[in-house]
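Chain by chain, the residues:
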Amino acid sequence: GFFQSYAVEVDVKDASNATCLYAKWMMRFLIKYETNSSDYKNTTLNLSSSVTHNGSVCGNDTQAALLAVQFGEGHSWSINFTKTNETYQGDFISFTYNTNDTAVFPDAKRKGPITIVVKDIMRPVQLNNVFVCHNTDSFEAENVTQIFWNVTVQAFVQNGTIGKKESRCRADTPTSAPTVPPTIANITTASTTTLSPAPTTAPKPVENPDTGNYSLKSGNKTCLLATLGLQLNVSQDKPLLININPKTTSADGACGNTTAILKLNDGNSTLISF
């Protein structure tokens, strides 16, 4: 798989056994740690097949809701939610990893649990709406990159029923693209001005994709540059070739100290993430 990790599903109940907090998501962690030889190694921490959610709290008008999970050899992750009269939002994310887990942190110099707390970047969501984000999102703090995808969450669930309206993240929202004349890069056939029968010769192969220049900024500085041509070869009953047109493709993503994500959106429902 592209990401080898398990999906987590947490359904928190209140005193009447009604759902008050629901979440289903996938995540993994890229961690840089110091070894006994004083050099640094990068490791990946994935969720295990066995996840508990001890300590999760429903929340109310005066108390924050808390979604907390524990997994592996002493690792845990949590996020708290607060609400106003009309919206709810994530406030802080706390992640604890245990370097005593030698399978993940071999030869770690610092032993024991290490906790980092970061402010969540989730936008406010209308009450009774479900926050959904299928695309990959990530952020980095203190040598840890947290990566999330296929996220579905609703805090302060009303009447024990998950809402039917969705609030999508920015990564799932297609961006508008300028209108450009059709080119060989974005069409597979061309119309003609004659009514004569089509030739019986084999169709001309799709040309190589145009090369695009894509970049990301971190503050005022460019942190990622990519120059590439992209062609997708979709295997199905009728094979499909798609050339990504740089004229209609926008770049988004994020840069960190040890990782970067480049997201390309061609404005025609094709999303590619590196």
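Residues numbered from 1 in each chain as written. Predicted model: local features only at pLDDT ≥ 70, side-chain atom pairs only at ≥ 80, totals over all residues. Heavy atoms only, no water.

Q: Summarise the sheet that holds strand S20 (residues 271-273); cite the residues concerned and give the values.
A: Spatially, three strands are ordered S18-S19-S20 in an open sheet, and the strand pairing comes out antiparallel. The open sheet has two free edges, formed respectively by strand S18 (250-255) and S20, since each of these has just one partner strand. Averaged over all adjacent pairs, the angle separating strand axes in this sheet is 15°, with direction ignored. Of the pairings in the sheet, the one linking S18 to strand S19 (residues 260-265) comprises six bridges and is antiparallel in character. Looking at S19, one finds that Ala251 is bridged to Leu264. (Pairing = 2+ DSSP bridges. Helix = DSSP H or I, 4+ residues; strand = E, 2+ residues; numbered from the N terminus. Axes fitted to C-alpha atoms, helices over the stretch in contact; angles between N-to-C directions.)

Q: Any chance you could break down the pattern of salt bridges for me, citing the residues and the numbers?
A: If you walk through the whole model with that rule in mind, you get five salt bridges. Between Lys13 and Asp11 there is a salt bridge whose closest N-O contact spans 3.5 Å. Classification of Asp11 by relative accessible area gives partly exposed; the value is 32%. The residue Lys109 makes a salt bridge to Glu34 at a minimum N-O spacing of 3.7 Å. Highlighted residues: Lys109 in the loop between strand S7 (87-98) and strand S8 (113-119) and Glu34 in strand S2 (residues 19-34), separated in sequence by 75 residues. Its relative accessible area of 27% is what places Glu34 among the partly exposed residues. Among the charged side chains, a network of salt bridges with common partners joins Glu166, Arg168 and Asp172. (Salt bridge = Lys/Arg side-chain N within 4 Å of Asp/Glu carboxyl O. Buried < 20%, exposed > 50% of the residue type's maximum accessible area, 1.4 Å probe, protein only.)

Q: Go over the nonpolar core with me, naming the residues and quoting the values.
A: Within the largest apolar cluster, 45 residues are counted, with the highest numbers of intra-cluster contacts made by Trp25, Leu67, Trp77, Phe81, Tyr88, Phe95 and Phe131. Broken down by element, this core gets its largest block of residues, eight residues, from S2. If sequence neighbours within four positions are ignored, Trp77 has contacts with Trp25, Met27, Phe29, Leu67, Ala68, Val69, Phe71, Ile93, Ser94, Phe95, Gln146 and Phe148. (Core = buried A, V, L, I, M, F, W, Y, C linked by side-chain atoms within 4.5 Å. Contact = heavy atoms within 4.5 Å.)

Q: Account for the state of the cysteines, with residues named and values stated.
A: All told, the structure shown has three disulfides when counted by the stated rule. Between the sulfur atoms of Cys20 and its disulfide partner Cys58 the distance amounts to 2.0 Å. Looking down the S-S bond of the Cys20 and Cys58 bridge, the torsion is -70°, so its handedness is left-handed. A residue pair is termed long-range when its members are at least 10 positions apart, and Cys20 in strand S2 and Cys58 in the loop between strand S4 (51-52) and strand S5 (65-71) qualify at 38 residues. Across this residue pair, the class does not change: Cys20 and Cys58 are buried. Put simply, Cys133 and Cys169 are joined by a disulfide, and their sulfur atoms are 2.0 Å apart. Torsion about the S-S bond of the Cys133 and Cys169 cystine: about 75°, corresponding to right-handed handedness. Of the two residues, Cys133 sits in strand S10 (residues 129-133) while Cys169 sits in the loop between strand S13 (165-168) and strand S14 (211-218), which places them 36 residues apart along the sequence. (Disulfide = S-S within 2.5 Å.)

Q: Please set out the packing of aromatic side chains residue by residue, giving values where relevant.
A: By the definition in use, this model includes nine aromatic pairs. With a centroid separation of 6.2 Å and an interplanar angle of 5°, the aromatic rings of Phe29 and Phe71 are classed as stacked. Within this pair, whereas Phe29 is found in strand S2, its partner Phe71 is found in strand S5, the two being separated by 42 residues in sequence. For the pair formed by Phe29 and Phe71, the shared burial category is buried. Across the ring face of Phe92, the terminal group of Lys119 is positioned such that the distance to the ring centre comes to 5.4 Å. (Phe/Tyr/Trp six-rings, centres within 6.5 Å; stacked < 30°, edge-to-face > 60°. Lys NZ or Arg CZ within 6 Å of the ring centre and 35° of its normal.)

Q: Run through the environment of Val117, naming residues and quoting values.
A: Position of Val117 among the secondary structure elements: in strand S8. By relative accessible area, which is 51% here, Val117 ends up exposed. Spatially, the C-alpha atoms of Val117 and Thr96 are 8.8 Å apart, while their sequence positions differ by 21 residues. Excluding anything up to four places from it in sequence, Val117 contacts Phe92, Ile93 and Ser94.

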